[in-house]
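What the coordinates show
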Amino acid sequence: MPSTSKSQKLNIFKKGPVHRSLFSNGASALTHYAEGFNGAKVLLNFIAGSAFEKIDQEGMAHLIEHLIFKENESNLILQLEYLGAELNAYTYKESVCFEMSCLGTRLDQVVPLFLECFMQLDFLDTQLLKEKQIIRQELKEDKDDHEGQGIEFIFKKNFNQAYGHPVGGSASQVLKYKRKDIEKYYKKYFASERTSLVVVSGNKDFDGARALQAWYRKFGVKGKNKKPYRINKNKK
């Protein structure tokens, strides 16, 4: 068997500076320049995961993730894929995340589209019904995921309701949610002070803060004298 050192050549990227920008509305942006990295990783993170759900809101964050990550009339997801971007989304206990991989040279093209796609909640009632059915099927299939079920069981036995309930909630509860319930949760927890944009690439000319600032200006999102939200794990 050939040695790893001879059969594989690992790409080692030079760590560059990390620029952190804080906005008056509480949002933050981090841009990490990695010299020698031809690609780019972009992460849009909202501190809005299942841990913030009350008993009558369980599964809400995951449902909103589905409603944001969908194709619409503007075909933004399709446009991003045509430009070579790969997209993904997931909900954790503390965060709802949207991520993108692309070429570093295309950041100026794709990041504005990425933000426009995932920084807004806009859905039709027919789309809500469709996503509810998709989630019901996901939750059914999750019962065959023994590792995932085991992890949720550990959380249930060792934590309170906030961390103890499943990220996806229950199908019966998710099916009951109305538009007003969803919009209320979104407005409170997907707020600017809970928002962060992270960009890692070898494109030294791209600045994630400028991209986020341009989006806020374009869509008129305001808010002053807000500090970034910080999770207090000691809070009951």
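Here, the structure is the one placed above.
Criteria and thresholds
- Starting from 1, residues in each chain are numbered consecutively following that chain's sequence as written.
- With the structure being a predicted model, the display of local features is reserved for residues of pLDDT at least 70 and the display and counting of side-chain atom pairs for 80 or more, all residues being used for whole-chain, interface and lining totals.
- Water and hydrogen atoms play no part in the side-chain values, which are based on all heavy atoms of the structure.
- The secondary structure listing takes helices from DSSP runs of H or I that are at least 4 residues long and strands from runs of E that are at least 2 residues long, numbered from the N terminus.
- Helix span, as expected, comes to 1.5 Å for every residue beyond the first.
- Between buried and exposed lies partly exposed: a residue is buried under 20% and exposed over 50% of the maximum accessible area for its type, with that area taken using a 1.4 Å probe on protein chains only.
- Think of the arc as the fan of directions from the helix axis to the C-beta atoms.
- When checking whether two residues touch, look at their non-hydrogen atoms; a contact exists if any pair is within 4.5 Å.
- By convention, a stacked pair of Phe, Tyr or Trp rings (six-membered ring in the case of Trp) has centres within 6.5 Å and planes under 30 degrees apart, an edge-to-face pair has planes over 60 apart, and any other such pair is tilted.
- By nonpolar core we mean a set of buried residues, namely Ala, Val, Leu, Ile, Met, Phe, Trp, Tyr and Cys, connected to one another through side-chain atoms within 4.5 Å.
- Any carboxyl oxygen of Asp or Glu that lies within 4 Å of a side-chain nitrogen of Lys or Arg is treated as forming a salt bridge with it.
- Only protein atoms enter the 1 Å grid used here. Points where a 1.4 Å probe fits but cannot escape make up a cavity, open sets with protein on both sides within 12 Å along at least five of seven lines make up a pocket, and a residue lines them when an atom lies within 4 Å of a point.
- Grid points are joined across faces, edges and corners, and a volume is the space filled by probe spheres set on the points.
- For this classification, Asp, Glu, Lys and Arg are treated as charged, while Ala, Val, Leu, Ile, Met, Phe, Trp, Tyr, Cys and Pro are nonpolar and the rest, including Gly, are polar.
- Residues form patches when they are more than 30% accessible in relative terms and have no salt bridge. Like charges link within 9 Å. Nonpolar side chains (Val, Leu, Ile, Met, Phe, Trp, Tyr) link within 5 Å.
- The accessible surface values rely on the Shrake-Rupley method and a 1.4 Å probe; as for residues, cover is taken only from the protein chains in view.
- The positive count covers Lys and Arg only, the negative count covers Asp and Glu only, and His and the chain ends enter neither.
- All charge positions are set by atom: Lys at NZ, Arg at CZ, Asp at CG, Glu at CD.
- Only the stretch in contact is used when a helix axis is fitted, and all axes are lines through C-alpha atoms; the angle between N-to-C directions ranges over 0 to 180 degrees.
- Roughly parallel refers to an angle under 35 degrees, roughly antiparallel to one over 145, roughly perpendicular to one between 65 and 115, and oblique to any angle outside these ranges.
- Crossing handedness follows the turn of the near helix against the far one: under a right angle anticlockwise gives a left-handed crossing, and clockwise gives a right-handed one.

**What about helix α5 (residues 125-142)?**
Between the first and last C-alpha of α5 there are 26 Å, a value that for 18 residues agrees with the 26 Å anticipated at 1.5 Å per step. Gln-127, Leu-128, Glu-131, Lys-132, Ile-135 and Leu-139 are the residues of α5 that are buried. For α5, the angular spread of the buried residues around the axis is 135°, confining them to a single face. Exposed positions of α5 whose direction lies more than 90 degrees from the buried face are Thr-126, Leu-129, Lys-130 and Lys-140. On its buried face, α5 sits against α2 (60-68), α8 (171-174) and α9 (179-189).

**A word on the packing of aromatic side chains**
One pass over the full model with this rule turns up 15 aromatic pairs. Here the aromatic rings of Phe-52 and Tyr-189 are separated by 5.6 Å at their centres, their planes lie at 35°, and the arrangement is tilted. Highlighted residues: Phe-52 in the loop between β3 (39-46) and α2 and Tyr-189 in helix α9, separated in sequence by 137 residues. Accessibility expressed as a relative area gives 14% for Phe-52, which makes it buried.

**Brief notes about the nonpolar core**
By size, the foremost hydrophobic cluster in this structure holds 55 residues, and its most contacted members are Met-100, Phe-114, Leu-115, Ile-182 and Phe-190. Look past the residues within four positions of Met-100 in its chain and what remains in contact with it is Ala-40, Lys-41, Val-42, Leu-80, Ala-85, Glu-86, Leu-87, Val-110, Val-111 and Phe-114.

**What to know about the pattern of salt bridges**
Evaluation of the coordinates by the stated rule reveals six salt bridges. Between Glu-116 and Lys-218 there is a salt bridge whose closest N-O contact spans 3.7 Å. Taken together, the residues span a long stretch of sequence, with Glu-116 in helix α4 (residues 107-118) and Lys-218 in helix α10 (residues 208-219) at a distance of 102 residues. Under the relative-accessibility criterion, Glu-116 is labelled partly exposed at 23%. A salt bridge links Asp-207 to Arg-210; the shortest N-O distance between them is 3.6 Å.

**Points about the layout of surface pockets**
Where empty space is left in the structure can be found by rolling a water-sized probe over the atoms. Quantified by volume, the largest pocket comes out at close to 630 Å³. Along the walls of the largest pocket sit 23 residues, with Asp-142, Glu-152, Pro-166, Val-167 and Gly-168 positioned nearest its centre. Among the elements of the structure, α2, β4 (86-91), α5 and α6 (146-158) are those that each provide at least two residues to the lining of the largest pocket. For the lining of the largest pocket, the class distribution of residues is eight nonpolar, six polar and nine charged.

**A few points about a negative patch on the surface**
A surface patch of like charges, here negative, comprises Glu-141, Asp-142, Asp-144, Asp-145 and Glu-147. Structurally, Asp-144 is set in the loop between α5 and α6. Residue classification places Asp-144 among the exposed residues on the basis of a relative accessible area of 61%.

**Examining the packing of α2 against α5**
Running from N to C, α2 and α5 cross one another at 125°; their axes reach a closest spacing of 10 Å. Regarding the angle of α2 to α5, the classification is oblique. As α2 runs across α5, the sense of the crossing is right-handed. Within the contact between the two elements, α2 uses His-62, Leu-63, His-66 and Leu-67 and α5 uses Gln-127, Leu-128, Glu-131, Lys-132, Ile-134, Ile-135 and Glu-138. Here the contact of α2 with α5 is composed, by residue class, of five nonpolar, three polar and three charged.

Limitation: the analysis is restricted to geometry and does not speak to function.
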